Amino acid sequence: MGNGEILTEYRQIRVVLAEAATIAVLGVSPKSDRDSHQVARYLKDAGYRILPVRPAQKEILGEKAYRCLNDIDTAVDVVDAFRTPAQITDHVPEIIRLRPRVFWMQLGIENHRAAKVLTAAGIDVVMNRCIKTDHENLFKKNIIV
C-alpha cells in the first residue's frame, strides 16, 4: 500500500482493509438514514478508528468530528470520501498534506484527474467502490478470496 497506484483488484483491496486502522470519513452525515453514516458505523463496529469529517458537526457516532481534513493531526491510513466527483478536486491538497496510504472514492464517485495527482504523490486510490460492501465480502461473508 502507498505506492501511488489505482487499486482495482480484490487482493489489493484485502490488503488495504487488513492493514488499515484509522479511516477518515470525508462527508459523513450525522443522519443515521444516510449511506455515509451507515458506512461509518459499520467501519467503527468492524474495529476501525473512524475520524468523521463534516463541517459544523462537533461529534458523529460518538467520535470527535473534524471540520476538514486539514484539522486532523494524527496518522490516517484511509480517507473514505462521500463527496461528488467535482468536489473531490477541492480536497486534493488536503489529502496530499494528510498523506493517507489510500484515498477511497465511494460507489458512484470517480475523479481521474484527482487520482492522477494523488497517485503521482504516492497515494494509492480506489474509485467507485463501497468500502463497506468490499469489507463484508472479503471478511464477513468470505465470498471473495
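Notes on the structure follow. Treat the numbers as computed from the prediction; the structure is a model and nothing was measured.

### Re the pattern of salt bridges
Phase 1 of the analysis: According to the stated counting rule, one finds seven salt bridges in the structure shown.
Phase 2 of the analysis: A salt bridge links Arg-129 to Asp-134; the shortest N-O distance between them is 2.7 Å.
Phase 3 of the analysis: Asp-134 sits in the buried class, given a relative accessible area of 4%.
Phase 4 of the analysis: Here the salt bridges share partners, and the residues they tie into one network are Glu-19, Asp-77 and Arg-101.

### Here we look at the packing of helix H1 (residues 10–19) against helix H5 (residues 131–140)
Phase 1 of the analysis: The N-to-C vectors of H1 and H5 enclose an angle of 95 degrees; their axes lie 10 Å apart at closest approach. If you check the angle between H1 and H5, you find them roughly perpendicular. Contacts from Tyr-10, Ile-13, Arg-14, Leu-17 and Ala-18 in H1 reach Ile-131, Asp-134, His-135, Leu-138 and Phe-139 in H5.

### Points about the pairing of strand E5 (residues 78–81)
Phase 1 of the analysis: Residues Val-78 and Asp-80 point to one face of E5 and Val-79 and Ala-81 to the other, with burial holding for every one of them.
Phase 2 of the analysis: Bridging between strand E1 (residues 22–26) and E5 involves four bridges; their strand directions are parallel. Bridge pairing in E5 links Leu-26 to Ala-81.
Phase 3 of the analysis: Where E5 meets strand E6 (residues 102–105), four bridges bridge the pair, whose relative direction is parallel. Directly across from Ala-81, in E6, lies its bridge partner Met-105.
Phase 4 of the analysis: The parallel pair E5 and E6 is bridged by helix H3 (residues 85–98), and the resulting crossover is right-handed.

### Some points on unusual backbone geometry
Phase 1 of the analysis: We note that Ala-56 has phi near 70 degrees; this positive angle belongs to a residue other than glycine.
Phase 2 of the analysis: Note that Ala-56 resides in the loop between strand E2 (49–53) and strand E3 (59–60).
Phase 3 of the analysis: Residue Ala-56 is classed as exposed on the basis of its relative accessible area, which comes to 76%.
Phase 4 of the analysis: Residues other than glycine seldom take positive phi values, yet Asn-128 does so here, at roughly 55 degrees.
Phase 5 of the analysis: Inspection of the secondary structure assignment puts Asn-128 in the loop between strand E7 (124–126) and H5.
Phase 6 of the analysis: For Asn-128, a relative accessible area of 31% translates into the label partly exposed.

### Here we look at the sheet that holds E6
Phase 1 of the analysis: Strands sit in the order E2-E1-E5-E6-E7 across an open sheet of five strands; the sheet is parallel. In this open sheet, the two strands that pair with only one neighbour each are E2 and E7. The mean inter-strand angle of the sheet, taken between neighbouring strand axes irrespective of direction, is 20 degrees.
Phase 2 of the analysis: Set on the sheet, H1 makes contact with E5, E6 and E7; between it and E6 the angle comes to about 115 degrees.
Phase 3 of the analysis: Seen against the sheet, H3 touches E1, E5 and E6 and runs at an angle of roughly 155 degrees to E6.

### Re the pairing of E2
Phase 1 of the analysis: In terms of residue burial, E2 counts as a mostly covered element, since four of its five residues are buried.
Phase 2 of the analysis: With five bridges joining them, E1 and E2 adopt parallel strand pairing. The partner of Ala-24 across the bridge, within E2, is Leu-51.
Phase 3 of the analysis: In terms of handedness, the path from E1 via helix H2 (residues 35–45) over to E2 forms a crossover that is right-handed.

### Examining the nonpolar core
Phase 1 of the analysis: One finds Leu-43, Val-78, Trp-104 and Ile-131 to be the most contacted residues of the largest nonpolar core, which totals 25 residues.
Phase 2 of the analysis: Within the residue set of this core, elements represented by two or more residues are H1, E1, H2, E6 and H5.
Phase 3 of the analysis: Here this core takes four residues from H2, the largest share from any one element.
Phase 4 of the analysis: Apart from residues lying up to four places away in sequence, Trp-104 is in contact with Ile-13, Val-16, Leu-17, Val-78, Val-79, Asp-80, Ala-81, Val-126, Arg-129, Cys-130, Ile-131 and Asp-134.

Thresholds applied
Residues numbered from 1 in each chain as written. Predicted model: local features only at pLDDT ≥ 70, side-chain atom pairs only at ≥ 80, totals over all residues. Heavy atoms only, no water. Salt bridge = Lys/Arg side-chain N within 4 Å of Asp/Glu carboxyl O. Buried < 20%, exposed > 50% of the residue type's maximum accessible area, 1.4 Å probe, protein only. Axes fitted to C-alpha atoms, helices over the stretch in contact; angles between N-to-C directions. Helix = DSSP H or I, 4+ residues; strand = E, 2+ residues; numbered from the N terminus. Parallel < 35°, antiparallel > 145°, perpendicular 65-115°, else oblique. Contact = heavy atoms within 4.5 Å. Pairing = 2+ DSSP bridges. Right-handed = clockwise from strand over helix to strand, strands pointing away. Core = buried A, V, L, I, M, F, W, Y, C linked by side-chain atoms within 4.5 Å.

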